[in-house]
Each structure stands twice: as C-alpha cells, then as structure tokens.
Amino acid sequence: VMFKGIFKGSPPTSTEGAKRRLLLYQHCIPLCESGDLQTEVASDIIGLLMLETHTLSGPSLAQLATLFVDAIKVGKMGNGKSLELFPTVLTALAACEALSYGKGELSGEEYKKQLINSLCSSRWDPQCVIHLTTMFRDVPLSPEELQFLVEKVQRMFIKLDLQEIPPLVYQLLLLSAKGCKKLVLDGIISYFKEQDLSQEEEQKHGDLDLEVQSIPQDQLRHVEGTVILHIVFAIRLDHELGREFLKSFKTSHGDLCPFSVALLLSVARIQRYEEQVFDLLKGAIIKSYKDELLQQGSKFLQDLIPGHCSVAQMLIDTVKNSVFGWDHVTQGLVQLGFYLMDTFGPKPGPFGKTAEGSATVARTPTQQACKLGGQVLLQGFKIHEPLRGEILEQVLNRLVTKTASPVSHYLDLFSDIVVSAPMILLESSSKVTETFDYLSYLPLATVQGLLKAVQPLLKVSMSLKDALILVLRKAMFSSQLDGRKSAVTGFLLLLKNFKVLGSLASSQCSQSISSSQIQVDVHSRYNSAANEAFCLEILSSLRRCLSQQADVRLMLYEGFYDVLRRNSQLASSIMQTLLSQLKRYYEPEQDLLPPIKLEPCITAHRDQIYLQEPLVLCLCTIHCLLWLQNTQRSCNLDNSDDEEEENEGYQSELQTILDSITRRMIKSELEDFELDKSAEFSMGSTVGVKNNIYAVLVMGVYEVLMEYNFIKANYSKSGFEEVMELFTRYHKISEILKEKSGKGRAPSHKTPRSLLSLGFISTLLEVVSRDNTQSREEALSVLRTNGEFVRYSLCVAVQKIQQLEETGQTDGPDGMNTDKTFRFLRDMTSVLMWRYIKIPSVVEDAGKKEKRSSLSHLCLEGLLRIFTTCQQRYSDKMAQLLFSATEISDKDEEPEDDNATTFFYIRQFQRALFIQLNGREEEFNSKEAQLLVSILSVLSRQLNPSSQQFVQMIKWAVQICQDTSFEDSAFTKGMLSLLFSLHVLFRSPVSLLLELCQDIHSQLGDIDQVHRVVNSCTKDRFGIVQTRLLVLSQVDRVLDEVDWLIARKKNQGTSDKSGEATQTTGQQDPVEKAVTLQLGTLLTALNELVQTALLPGTCTITLLRQLSRTYTILTTLVKYVSMLIWCFSLYIYMQVKLSGSHLTPQCYSFITYAQVHFSFLLQSTPELCSKLLREMKVIPNLIFSIEQYEKYLITLSKKSKVNLMQYMKLSTSRDFRINAATLDAALQEQDDKEEAQEPKQKKRKQ
C-alpha cells in the first residue's frame, strides 16, 4: 500500500516524481535480493514495479538497466527474484528513441544490445546462471545474441555443481524455443560426453590428481537420466526440436556417445520418431562395423587414422549405465536388440531351405550387428528384472513362429539366458512349457537347439521335465516325419543328461514306469534310482522307433554312442536293443553267403525304392559301443561281478556275430549281393536305385568291418591281412560305381560319405605313414604296400576334414566333441605335413598317368582344409595346431614363438613351391602349385604385419611374381592375390598397382599402334597379362579407401575458419595429403591402362566403370575444396593438372577405341546384341562424369582465381562427331555399289 502511495504521489511527468520513482526502484531491487522479505511479499513488490516500469523516462531506464548489469557482474543476484523485472526494463528501454551513451547518443534498441553484450561478456557468478537463463527467456533477442548467450551458458556447465545441471538444461530447452536448437542440444551432449570420457579415464588409470575431486559415477548417471527425461519431454512438445535432434545424427554418426545413444533410445518411445531412430542406429552400427573392417584390412588407413569409434561399445555401455534407474531407456534397448536380430539374422537359403550349420565366429558386419543385438538383450535380461518376462516371451515367440528362416541366433540367445540365470527362468517356466507344445511342428534344427538350451532346467524342474516327456510321447506318434525325429532328439538328450549311478537288473528293463512316479530330489546331488527308472522308461519308448523310417532309425543309432559315453550304466539295455535289431538282418547259418539280408533293408512306395533300415549305421554303432565299453572297462575296474558277467554275455555274442560277418563278407562275391559289373546303377530307374542302395550298404559294411578288425588286430599281420581283404572288396565295388557314374551326360553317382570315425582315420594316417615301431614293422608293411589303401585313407581324411569345415562336426563317435576333433586335426596335420615333406611327389608319378590326384595333392588339400577350419572354428588354438608338427624339422630349427612357428610352416611350403617353379614347364603341376599358394595365403594371416617375417614374406612374393615365366593363369592369379593381400597389410598397394599397369601396357601394346610403348620390356615381369581383372579389382579397393577418407573428412564438418587458417599457414591435414597422393598415383596408373589395347569384354567395361568412378571422386574432391571443407593445396593443383593434361584426352581416345571394337562385336555376334548394348551404357556415364568434373573445376577456378581449366581440353559434342576415316570408307563403298549397278541397268534397256 505504501509503494502504491509513493507511485501515486510521484507523477512521472514531474522531475521530482521521476526521481522518487527511480529511487524507489533502486531501493526495492537490493531489498528483494537480500532475502529479508517473504517470498510472497517480494513477488508482490516486483509485480507492482513491473506495472509501473513503462512510466519511467529513458535516462531512468538506462540507470536502472545499468544497476542490474553491475549487480550481476559483482554477483549480487544470488536470489534472482528481482531479475523478473529486468526483461520489462529492457523492453521499455528498447522503445526509447534516443539515449545518451558516452559522448554521443544511441537508440533504445542499440542501447539494449550494448547492455546484453556487456552482460554476456562479463564473468557470471555460478549461483545466478540458472536465474539469468530463466530471465533471458523473456528478453527479445536477435539470432546472433541468442547464439552468444547459449554458448556463454554452455561454457558455465563445468563451473556448476552437477545437481544444478538438470534445471539449467530445462531452462535452456525452454530458451531454445527462440532458436539455436541444434546448438543447445550439441552443447548438452558434448558436456556429458566429456564427463563420460573423464569417468572412463579415471577407471582405467585411477584418480592420479588428488586435488581434482571426481564426480561419483552413480551421481553422474542419475543426473544424465534426469536430463534425458527433460530433453524427451521438450521434444514431445516441440517437434521442431526433435527433427533438429535427429538431423544432427543423420549427417554424422561420429557424434554418437553412450549418452546420446541413451537419448535416442528414449526418443524412440515417441511413436513418430521410433522408426527414424532405429533406422539411424542401425545405419550407425553397420557403418561402424564396416569402417572397422575396412581399417583392419588396410595398413594405409590404420596409420592414417589409428583409433576407431565403436558404436557397438557405446550401446553396451548404455546398457550398463541403464542400471541407474534409466527406465525410460530400457524399453528402447529391448526393441533395438530384437530389431538388430530380426534385420541382420541369418537368412533362408535357396528355395526357402534353412541353412543352419554350426555357428562360427561373427565376421561380416551383418553377423556382428546380429550378435550385438543378442548381447544387448542378454545384458538387459541380467540387469533389469522387469524386462525378463518380455525378452523371454519374444525370444520364444520367434522360435515358434519363424519356421521358414533360421533361428540359430535366437537359440544362442536363449541358451545364454538359461546359463546366466536358470533359477530366474524357472519363474517363467510356464512360457517354456507352452513352447514345448509346438515341438512337433518346428524344424528339427530348432528342436535340437531348444532342447539343448533347456537341458539345465530339466534337472531342477520336475514339472518342466514331465511336460516335455508328455509332448515327446505325443510327437513319437506324429504323422509328420520331423515330429517323430524331434521326439527321438528329445529323448536322446534326456538320456545323455540324467546320469545313472546305480543299476537295475536287465529283467526290469521292460518294466513300465510312469514319469509321475519319479520324484527328483533337487536338493540332493543325485537321485540315481529315479534317474535310472526314468532312463529305462525312455529307452522303452525309443524301441518303437526301430520300426519307423530310415531317418528316424538313423538318428537313434547316431545318438546311442553319446548316450552310452555319458551314461555307461545303460549299456546293457542299449546293447541288447541293438543286438535284437541286428539279428533281424543277420543270417545265423554260418555256411550261407552273404551274412546279411539286404532285401529287408529296402522298401517300395509308389514305384519308388527307399532305404528302410540303415543297417550300416546299426553295425557302426555296435562296433563303436563295443570299443567304448572296452575303453571304459580298462579305466574303471570297480564294476560288480554280476554286471561284469552280464556285459560279457552280450559282448561276446556281438563279437562272434561281427567275426562271422567279417569271415563271410571276405568270401562273398558281387553276385551274392545281387550286384554285377554290367548291372544298371543309374538313379533314373528303380532297378538302378535299388542296385545303388545295395552297393552303398555293402560298401558301408566293409568300412565298418575294416575299422572293427583293425582295432581287433592289435597290429598283428594276420589281422591286417583281413583288413586288406575287406578293402579289396570295398575298392572293387567303389570302382564299379565310379565307372558307371562316368558314363552318360550327367554323373549318376555321388561318392558316399565314409563311415570311418575321425579318430580312426587319424590313427590310420599315422600308421600307414610314419609308425617306425620295430615290432609292428611286418604287420604295417601289409597296409603300406597297398597303394590304393594309402590313397583311400588320405581321401577319407580329406572328406572328414571337409565335413568338419562345412558343418562344424563329423559323423561317428566324438564327432561333436570339439576338444577331441581338434586333437585329431592336430595329429593329422603332423602326419600330412611329414608325408608331404618327406615323400617327394616324383615317387607318385603313377597317379598322374591315371588322371587322379597324387598323394602329395591330397596331403596339400587336407592341410589347406585343416588350416581353414582351424582359423574359422578354433582361431584361438591355431598356434597350438601349428606347433604340433614342428617335429618334422631338425631341433635346431625349433621355433621360439607363435610368429616363428607360423613362419616355419611357411618356409616349408615356400621351398615346395620353389621346387615346382624351378622344374621344367611340362613338369609343372598347376593344381599343386595353386594349393600351395592357397595354404601360404591362409598361413600369412597368422603373421603379425609388423614382424620381420611378414616383410620377408612380401619380398618372397614379389620375387616369385617377377621371376615366374609359366603362363598358367590360375596360378598367377592366386599368386597375385597373395601379393596384394600381403601388401595391403604392410603399406598402400597403389605403387605396386602402378608397376602392374605399366607391365600390362608394355605387354599388350598401345591402342594407337603407330606409337610404341615407352620403356617397354620384353619380359612379362609379373606374369599378369592373363589376370587383368584382378589388377582392376585392386583399383576398386584403392578407390574405396579414398572415397571413405573423403566422406569421413566431410562428416567431420571442418568450419570455414579452420579451412582458411590452414590455407594461410600452408600446413595441410595428413588425411588430405594422403588422399591427394593416392589419387595422383592412381591417375598415373589409370593413364597407363587407358592407353593399353585391351580386348573388348569384361576388362574394358570394368575399366570404363572405374574411370567413371574416379572422375566422380575427383568431382567430390573439387566440390569440397570449393566449399572450403578441403584445403586448396599444391597437391590438388598437380592432381588437376595430371587429370586434365594426361588422363582425360586418353580417356576419350579409349572410348573411341572401345566403341569401334564393340561395334565390330555387334556385327559379328548378333546373339550378344542386348548384352553388349546394356554394357555400353557405361560410356555415356563416363562422359557425364568427366563433364561434371570440368563444371566444378570452372567453379573452383572462379573462387580460387587460379585458371585450372588451362590443362583441360574442352570435350567435343560426341553425338555429332565426324570420323573422317570412317566417312571416306563409307563414301568409297557407296561409289563401288553405284558402279556395279550401272552395267546391269544398261543391259535391261537393251
């Protein structure tokens, strides 16, 4: 009331009144800031003052504004209440016409600008930053003033307490309604990016500076979470802010950090931005992986740009950070994880077939992105309890619904979830049980993966196990074959994993026990009685499978070995089951031949013959189980007498049967099996199919008996002679099948997969190659003197290794045991290496005459496949594999480390290749040389590119390429590929490329035959005349790297000022210098190629495409120089000169040359007309690229005031070009025709 009275008694028109009013303002402002008044009273006073501000005179307003500015500068605005009045003062001040300023006058608007500039240029007290930011929301500001203010506030971030950042960010976001949205968002993100980097450095190295107080991690994460909520709320209200936010990341993925990733995922909750955000993140992830792959494969890029920003790591960090209450981020993480797995998961093979195979290391960017999605979901499942149900449900839904495409990635994720949190998963066991109901409808590979994944849960959940058994029992009677196979898979898995410690009498094996009677005591370690009853019940169900299709029986036979290996107490029941099955097809009369009945093994349906009983697998399983029983008995001698007698009973009976089959199979002839040399074996008739099935069955029996008798012989001569008898008969049938398959247009026979186990093959190779035990010498000579048997053992070894390479497992016992398969590979490597080095191929010349692979060739093929398999599937054990075979060398050469071990192998193969190349050309074995080069290529990947051995390898490759004179295109291509793959990891291959282009030019000649090639050499130094396409592919690689560097430089968004500074100082960015040097050398190389008389075809088209791409890149470079993103240096000038004076004129000559030859081809081969016309479209594209390049050169010339077009020859209008020589020829031809027609016309007149 008092203030109102003062205002009423102080009319603004009088001088005294105006002074009183100003004095009142000057007194009230400090009073409100002092904090002595209640908040409501202070607000009323400020409100009253605001109403009367418009009545103040210009000088009074100026004094009042200066009072505010001075108070802010000295930090007296801690309360900030009176700042509400300042915008009103400034608005009134701006309305004044003239105000004294210094010795002159300024308009009110200009005076206001001076005040704002002074205020933003002064030092602010950190306590009043939030109040000032709030105040400026009500002050009209120009775009420049707003930018100045925002930058000032953002610089104050580091001076504020962390808890003050969220309210300040909130005020900044409200302020962004005036403009500068991108600047506000970039500043906020940059601040938290720096804080995250500081935290990371502290965690790595510890807090070394004790004076600097570090921010607690949990506090920082909570503040980040609050700020993210503020930004998302602002974007919901201001869609322009959202568009600006996404736009900034679309232009440059390099600005991403864990904070910005979390912010993007939170924004994805807004429906209109969801798709955009996930597409943006998908693109960023793929680009990050592609960039990483490009850098890993290029030493040039690694030296130029050492570090790599991994978006994948940011995403994983975001998942870890989300544990600090970032509930608004977690939903986006789940969506992104499934989005990546759905988008980049394995795709169906041809004709919709799913190519599951065995999982290998993720190598391609798409595979890595899919794996990243799984990692995000797995980490989210571990950390966030509310997400577990949703993640599990979505994974199981995809396993059930995606039957037409591979789901191996979801199976891997589900398996990881089970392993990481089995007890948590039991809380959602109802969802798993529900999935079991669909087992009989799912693909077999999915069922196998799913059951293998849930196996840990079955041991602790009675209800889950009972549910599975019910489903499997129903599936056993399914009308679908896959359903029954799924049932067998499930039952076998249960048998493997429910271990039996006790034993039941064999008479109880047929006892019917329901699963409901079994009580598993989860708290005890084992409940062997319940487990045994459970397993016997399953076995009784599985016996029904022995009357079903061959595929079902096959799975059962293959699974019994693993079951018995893990559950040895089931041996009696399993062996008796197999024995009764074998007796159905075994001829008990000892004098009858053959000993097996083949006819019951096949069946007919609708005029088609099918295999009904895979008898060979039954025999193989029996043999393997007998061997396993003997091995286990030798290791464990604690069995009871009753059990021992029982085992010996069926074992002796089975061995008697196998011995009888062996004896009678040796006596049997082809006719005994209803087979004959002249019989039909084509797969096009039922008779041929039947004969093929019989032949394959008989061959399989011989193979199984060979392995059985080899083990039984125990290195006795008579035993090995029996093995040779069996092999002779096996080989005879094999040769007949090969002979029959060679006739006709298409091969009708495929080599059957060998049934020999990988472990046996490993032993066999050792025995036939280098076993020097004195006591075994006589017996081993029986095997070694048979060359066909040695060849057969090597062929089977290569077949098994190939199977392991393709599928990750092999047939037979221990085929899925990775540790044992690796051990077998290691042993085979040693033997194959020893055999190839010690036994020269000259000894095996007989193989060449028969057009078969020599034994040396087989050894090399086996070694190549072993090395490739090991790199793909046992990459961490590669050094161990290589070290195992160093025994073939002298002890003096024993390697010291992994690099030396690899190089030791490389030297061995280099010597072998040197011997090949130094022989006569007619003795050169191209296939063997190609294998050697392939092996060297694989092994070279194990060398460290910075090692001395790697440098020696490159020098050797260059020397071989230069000295080789054999015109073998396949070998030369392989050798050049090796050279380039090595060179690119050592330095940029562009200089080597230039040499090769010069070599091609000198060998093929010039397009203008009048001009001779300068410095032409008579010898093809690199032997690459036949491998021009390979050289051109390397041009593409160099262009890829240059293009990537230019795009990266552009994305960095170099400002105009920095560009100008670079020009003035004369210093050039190393990336810019490297790019221009690369392009300069490449232009010189292309200049050689466009002068070369290349034959019309793929090479010419490829070269034209690469020229077009080169000019496109040059255009981009010139464009960026014009935009001051790129520095205009001497290198750019020289590059323009080189392209204009050398390359472009030659390009036009080459285009004319190509068109002439293509026209001739069109006339001579009309059938290729459409293809040639389609390929010739590359010519106008090239001309357009050249003209675009010249267009931007003109623009750059104007801006730089340097005449860059002086080196460019202006292109002619190609549509109306007249070739004088062609015109003369056409006119001459027309004259000849007219002369020929004139006599005919005269004759008609007569």
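In this text, all values refer to a predicted model and were calculated from it rather than measured experimentally.

Conventions and cut-offs
- Each chain carries its own residue numbering, running from 1 in the direction its sequence is written.
- Since the coordinates come from a predicted model, pLDDT governs what is reported: local features require at least 70, and pairs of side-chain atoms require 80 or more to be given and counted, while whole-chain, interface and lining totals use all residues.
- Water and hydrogen atoms were dropped before computing side-chain values, which therefore reflect all heavy atoms in the structure.
- Runs of H or I in DSSP of at least four residues are treated as helices and runs of E of at least two as strands, each being numbered from the N terminus.
- The buried label goes to any residue with under 20% of its type's maximum accessible area, the exposed label to any with over 50%, and the partly exposed label to all in between, with areas taken from a 1.4 Å probe on protein chains only.
- It only takes one pair of heavy atoms within 4.5 Å for two residues to be counted as in contact.
- Note on aromatic contacts: the rings of Phe and Tyr and the six-membered ring of Trp form a pair at centre separations within 6.5 Å, being stacked when their planes are under 30 degrees apart, edge-to-face when over 60 apart, and tilted otherwise.
- In this scheme, Lys NZ or Arg CZ marks a charge over a ring once it lies within 6 Å of the ring centre and within 35 degrees of the ring normal.
- The angle between two axes is taken between their N-to-C directions and runs from 0 to 180 degrees, where each axis is a line fitted to C-alpha atoms and a helix contributes only its stretch in contact.
- Angular relationships are summarised with four words: roughly parallel below 35 degrees, roughly antiparallel beyond 145, roughly perpendicular across 65 to 115, and oblique for the angles in between.
- Note on convention: near helix rotated counterclockwise from far helix by under a right angle means a left-handed crossing. Clockwise means right-handed.
- Asp, Glu, Lys and Arg are counted as charged, while Ala, Val, Leu, Ile, Met, Phe, Trp, Tyr, Cys and Pro are counted as nonpolar; the rest, among them Gly, fall into the polar class.
- For this analysis, a nonpolar core means a set of buried residues of the types Ala, Val, Leu, Ile, Met, Phe, Trp, Tyr and Cys, connected via side-chain atoms within 4.5 Å.
- The term salt bridge refers to a pairing of a side-chain nitrogen on Lys or Arg with a carboxyl oxygen on Asp or Glu at a separation within 4 Å.
- Think of it this way: DSSP has to see at least two bridges between two strands before they count as a pair.
- Distance thresholds for patches are 9 Å for like charges and 5 Å for nonpolar side chains (Val, Leu, Ile, Met, Phe, Trp, Tyr), applied to residues having over 30% relative accessible area and no salt bridge.
- For the accessible areas, the method is Shrake-Rupley and the probe is 1.4 Å, while residue cover comes only from the protein chains on display.
- We treat Lys and Arg as the positive residues and Asp and Glu as the negative residues; His and chain ends play no part in the count.
- Charge positions come from single atoms, namely NZ of Lys, CZ of Arg, CG of Asp or CD of Glu.
- On a range of 0 to 100, pLDDT expresses the predictor's confidence in each residue.

Across its full length, the protein carries 52 helices and four strands. Here the protein holds 1246 residues, and the buried ones make up 50% of them. Counting contacts in the protein only where the partners sit at least 6 residues apart, residues at least 24 apart contribute 75% of the total.

What follows is about the packing of aromatic side chains. This structure, assessed with the given rule, holds 21 aromatic pairs. Centroid distance Y1111 to Y1189: 5.7 Å. Interplanar angle 55°. Geometry classified as tilted. Here the residue Y1111 occupies a position in helix α48 (residues 1098-1122), and Y1189 occupies one in helix α51 (residues 1178-1200), the gap between them amounting to 78 residues. Classification of Y1111 by relative accessible area gives buried; the value is 0%. Each member of the aromatic cluster is reached from another via a ring pair, and the members are F157, Y191, F192 and F259. Positioned above the aromatic ring of Y715 is the side chain of R776, whose terminal nitrogen or guanidinium carbon lies 3.8 Å from the ring centre.

On to the packing of helix α6 (residues 108-121) against helix α8 (residues 143-155), then. Packing of α6 against α8 brings their axes to within 10 Å, and their N-to-C directions diverge by 15°. Compared by their axis directions, α6 and α8 come out roughly parallel. Crossing angle aside, the handedness with which α6 passes α8 is left-handed. In this structure, α6 uses K113, I116, N117, C120 and S121 to contact α8, whose residues at the interface are E145, F148, L149 and K152. Here the residues of the contact of α6 with α8 are counted per class, giving four nonpolar, two polar and three charged.

With that settled, the discussion passes to the nonpolar core. In terms of nonpolar packing, the biggest core is built from 269 residues, with F414, L542, F867 and F909 touching the most fellow members. A per-element tally of this core places helix α31 (residues 686-713) first, with 15 residues. Ranked by size, the runner-up nonpolar core spans 107 residues in total, among them L115, I189, V232 and V319.

This brings us to the pattern of salt bridges. Tallied over the entire structure, the rule returns 26 salt bridges. A salt bridge links K182 to D186; the shortest N-O distance between them is 2.8 Å. Here D186 and K182 lie together in helix α10 (residues 181-205), a separation of four residues that amounts to about one turn. Between R221 and D196 there is a salt bridge, with the nearest N and O atoms lying 2.7 Å from each other. Remark: D196 occurs in helix α10 and R221 occurs in helix α11 (residues 217-237); sequence separation between them is 25 residues. Judged by relative accessible area, which is 5%, R221 ranks as buried. Overlapping salt bridges, with partners in common, bring together D196, R221 and E224 in one network.

A separate point is helix α7 (residues 129-136). Among the eight residues in α7, six count as buried, and that is most of the element. Those residues of α7 that sit buried are V129, I130, L132, T133, M135 and F136.

To continue, consider the packing of helix α36 (residues 818-838) against helix α40 (residues 898-918). The contact between α36 and α40 brings their axes to 11 Å, and the two run at 35°. Judged by the sense of rotation from one axis to the other, the crossing of α36 with α40 is left-handed. Across the interface between the two elements, T829, M833, Y836 and I837 of α36 pack against Y905, Q908, F909 and A912 of α40.

Okay, the pairing of strand β4 (residues 608-611) next. As defined by bridge partners, strand β3 (residues 602-605) adjoins β4 across four bridges and the pair is classed as antiparallel. Across the sheet, the residue bridging to T603 is Y610, located in β4. Once β3 ends, the chain turns through two residues before running back antiparallel as β4, passing R606 with a positive phi of about 55°.

Quick look at unusual backbone geometry now. The omega angle of the peptide bond from L593 to P594 is -5°, so this bond is cis rather than trans. As for its placement among the helices and strands, P594 is situated in the loop between α28 (571-583) and β3. Not every positive phi belongs to a glycine, and C180 is a case in point at roughly 55°. On the secondary structure map, C180 appears in the loop between α9 (165-175) and α10. For N714, which is not a glycine, the phi torsion comes out positive at approximately 50°. In this structure, N714 sits in the loop between α31 and α32 (717-742). For N714, a relative accessible area of 59% corresponds to the exposed category.

Next up on the list: a negative patch on the surface. On the surface, E669, E671, D672 and D676 cluster together to form a negatively charged patch. Here D672 shows up in the loop between α30 (641-667) and α31. Overall, the relative accessible area of 30% leaves D672 in the partly exposed class.

Residues at a pLDDT of 70 or more form 80% of the protein, whose mean pLDDT is 79. Scored below 50 in pLDDT, residues 502-526 shows 37 contacts in the model against residues more than four places distant or in partner chains.

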